[in-house]
Amino acid sequence: MSTPTPEQLQLDAQQQLRHLLTLENLPPQILHALLDRAQSCVRRPGEPVVMSDTLRGKTIANLFFEASTRTRVSFELAARRLGAEVVNLDLDLSSASKGETVLDTLETLAAMNIDAFVVRHRDDGIQAMLASRMAPHIAIINAGESHLNHPTQGLLDALTIRQHKPDFENLKVAIVGDIRHSRVARSAIHALRILGTNDIRLIAPEEFQPHDLQDCTITDDMPKGIRDCDVIMMLRVQKERIASGGLPDMDAYVRKYRLDAAMLARARNDAIVMHPGPMNRGIEISNEVADGPQSVIRQQVNNGVAIRMAVIETLLGRNMK
Ligand code: NCD
C-alpha cells in the first residue's frame, strides 16, 4: 500500500477534516466552511471578543520548533476563547530536531490527554508523519512546515482578501519577494486556486523564483508584474532557509523589489497590500506603504485569531458530536 499523501491523511472516511496539514486540493466546501465560520468569529480591535466554552475539557499543545510570535499567540488566544486549555512548548531545535524525537515528544504529551497538537517545524513532512502515527482522536495542525505549507496563514490570507475583494475569479494577485523559500506563498496559492483565481504573478529575482510553481506567471520585472493588480502580497527574505552565498545583492534587491508608494501606484488604486509578518521595514516594504491606507497587514493579524478558532473548533468539535 502506498503512503497516503497529506491531502488524504487530513480527511476521514466521510471526507471531513481531521487534521489540517495542507490547503493543496482541500475540498472547496471545507475551505468555504472554514472561511464562513472564521468570519463569524471576527471581532475588530476594540470590540468584545467571542468567548465560548464549546471546547471546555479539551487541551491543545503548541509545539514550535521554529520561532513564531503571531502564529503561536493567535493559536493560544483562539483555543482559550473557545474554552480549551493550552500548553506552550518552545522547543530548542538542537535538542529535538529529527522526526523520531518529535514523535516521542508528542506521544509523551498525548499520554497527558492532549487533544490537538499545533506544530511548526523546519523539516518537510513532520506534521504528516505525526498525523499518520498518532491515535485517531488526536488532531495535528500544521503551523508552518519548511518552505512548503502554512495552511492557517493561507486561510487568513484568503479571508482577508475575501473581505475586500470577494470576486476571486477575476482577481489579479501579485506575490513579491522570496517565493522560493516561502510556505506562505505556497499556501496562499493553494487557497487562491481553489477559490478560482487564475491570474497569479510571482515576482522575484532569479534566486528567489520557485521551481515548483509552474502554473503561475513568473517574472523578475516588478513594475510590469504588479500593473493593474488587485492584491499585492509582500514576503520577507527567508534568510534562515538560504545557504550562505545564496543571497542576492541586498542593495540591488531593495532598489528593484521594495514596495514603496511610487511602485504601488502601478497597481490598481484600490489594491490591497498584504504581508504575513514579520516585516523588514525598509527592505521589502516602505513605512509609508506598510502603514498606509491600502495596507491590510494588521487586519491579517486580526483575522488570524478567527481563522484559528474556526480550525480548532472544526477539528475538535468533530469528536464531541
Ligand atoms: C511566516 C512564517 O513563519 O512562515 N510568518 C508567519 O507565520 N506570519 C512568514 C515569515 O516568517 O516570513
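Structure shown above.
Enquirer: Which parts of the structure should I look at to understand the packing of helix α2 (residues 28-41) against helix α7 (residues 183-195)?
Expert: Each pair of packed helices gets described by two things: the angle between the helix axes and the distance between those axes. Between α2 and α7, the shortest axis-to-axis distance is 10 Å and the interhelical angle comes to 105°. What the angle tells us is that α2 and α7 run roughly perpendicular. Residues P28, L31, H32 and L35 of α2 form the contact with α7, whose own contacting residues are A191, I194 and L195. Here the residues of the contact of α2 with α7 sort into 6 nonpolar, 1 polar and no charged.

Enquirer: I tried to follow the pattern of salt bridges on my own but got confused; where do I start?
Expert: Oppositely charged side chains can pair when the atoms bearing their charge come close. The tally for this structure, following the rule as stated, stands at 17 salt bridges. With a shortest N-O distance of 2.7 Å, R56 and D53 are connected by a salt bridge. Taking the relative accessible area as the measure of exposure, D53 reaches 46% and is therefore partly exposed.

Enquirer: Is there a simple way to explain helix α3 (residues 70-81) in this structure?
Expert: Side chains of residues three or four places apart in an α-helix project in the same direction, reflecting 3.6 residues per turn. The end-to-end C-alpha distance of α3, which contains 12 residues, comes to 16 Å, matching closely the 16 Å that a straight helix rising 1.5 Å per residue would cover. What α3 keeps buried is the set T71, R72, S74, F75, E76, A78 and A79. Two residues or fewer past α3, G83 is found with a positive phi of approximately 90°.

Enquirer: Sorry, what's going on with the environment of K224 here?
Expert: Among the structural elements, K224 can be located in helix α8 (residues 222-225). Expressed as a C-alpha distance, the spacing of K224 and R266, which sit 42 residues apart in the sequence, is 8.3 Å.

Enquirer: What's the story with the sheet that holds strand β7 (residues 217-219) in this structure? I'm lost.
Expert: What links the strands of a sheet is backbone hydrogen bonding, and the strands pair in either a parallel or an antiparallel sense. Taken together, the 5 strands give an open sheet; going across it, the order is β7-β6-β5-β8-β9, and neighbouring strands pair in parallel fashion. Unpaired on one side and paired on the other, β7 and β9 (272-274) mark the two borders of the sheet. Pairwise comparison of adjacent strand axes, ignoring direction, gives a mean angle of 20° for this sheet. Examined bridge by bridge, strand β8 (residues 231-234) and β9 share 3 bridges and lie parallel to one another.

Enquirer: Mind showing me how you'd approach unusual backbone geometry here?
Expert: It is generally the case that most residues other than glycine have a negative phi and that most peptide bonds are trans. Here G277 and P278 are connected by a cis peptide whose omega angle stands at -5°. Here Q15, not a glycine, exhibits a phi torsion of approximately 65°, which is positive. Turning to its location among the elements, Q15 is positioned in the loop between α1 (6-9) and α2. Given the relative accessible area of 44%, Q15 is considered partly exposed. Look at N25: it is not a glycine, yet its phi comes out positive at around 55°. Assignment of secondary structure puts N25 in the loop between α1 and α2.

Enquirer: Explain the sheet that holds strand β3 (residues 116-121) here, please?
Expert: Pairing within the open sheet is parallel, and its 4 strands lie in the order β2-β1-β3-β4. This sheet does not close on itself; its edge strands, each paired only once, are β2 (85-90) and β4 (139-145). Taking the axes of each pair of neighbouring strands and ignoring which way they run, one obtains an average angle of 15° across the sheet. The sheet contact formed by strand β1 (residues 59-64) and β2 spans 6 bridges and is parallel. If you follow T59 over to β2, its bridge partner there is E85. Across the sheet, helix α5 (residues 126-133) touches β3 and β4, and the angle it forms with β4 is around 170°.

Enquirer: Looking at this model, I keep getting lost on the environment of R37. Mind explaining?
Expert: Structurally, R37 can be placed in helix α2. Among the residues examined, R37 registers a relative accessible area of 33% and is labelled partly exposed. Distance in space between the C-alpha atoms of R37 and G304 is 13 Å, their sequence separation being 267 residues. Setting aside residues no more than four positions away along its own chain, R37 makes contact with A310 and E313.

Parameters and conventions
Residues numbered from 1 in each chain as written. Predicted model: local features only at pLDDT ≥ 70, side-chain atom pairs only at ≥ 80, totals over all residues. Heavy atoms only, no water. Axes fitted to C-alpha atoms, helices over the stretch in contact; angles between N-to-C directions. Helix = DSSP H or I, 4+ residues; strand = E, 2+ residues; numbered from the N terminus. Parallel < 35°, antiparallel > 145°, perpendicular 65-115°, else oblique. Contact = heavy atoms within 4.5 Å. Nonpolar A, V, L, I, M, F, W, Y, C, P; charged D, E, K, R; others polar. Salt bridge = Lys/Arg side-chain N within 4 Å of Asp/Glu carboxyl O. Buried < 20%, exposed > 50% of the residue type's maximum accessible area, 1.4 Å probe, protein only. Expected span 1.5 Å × (residues − 1). Pairing = 2+ DSSP bridges.

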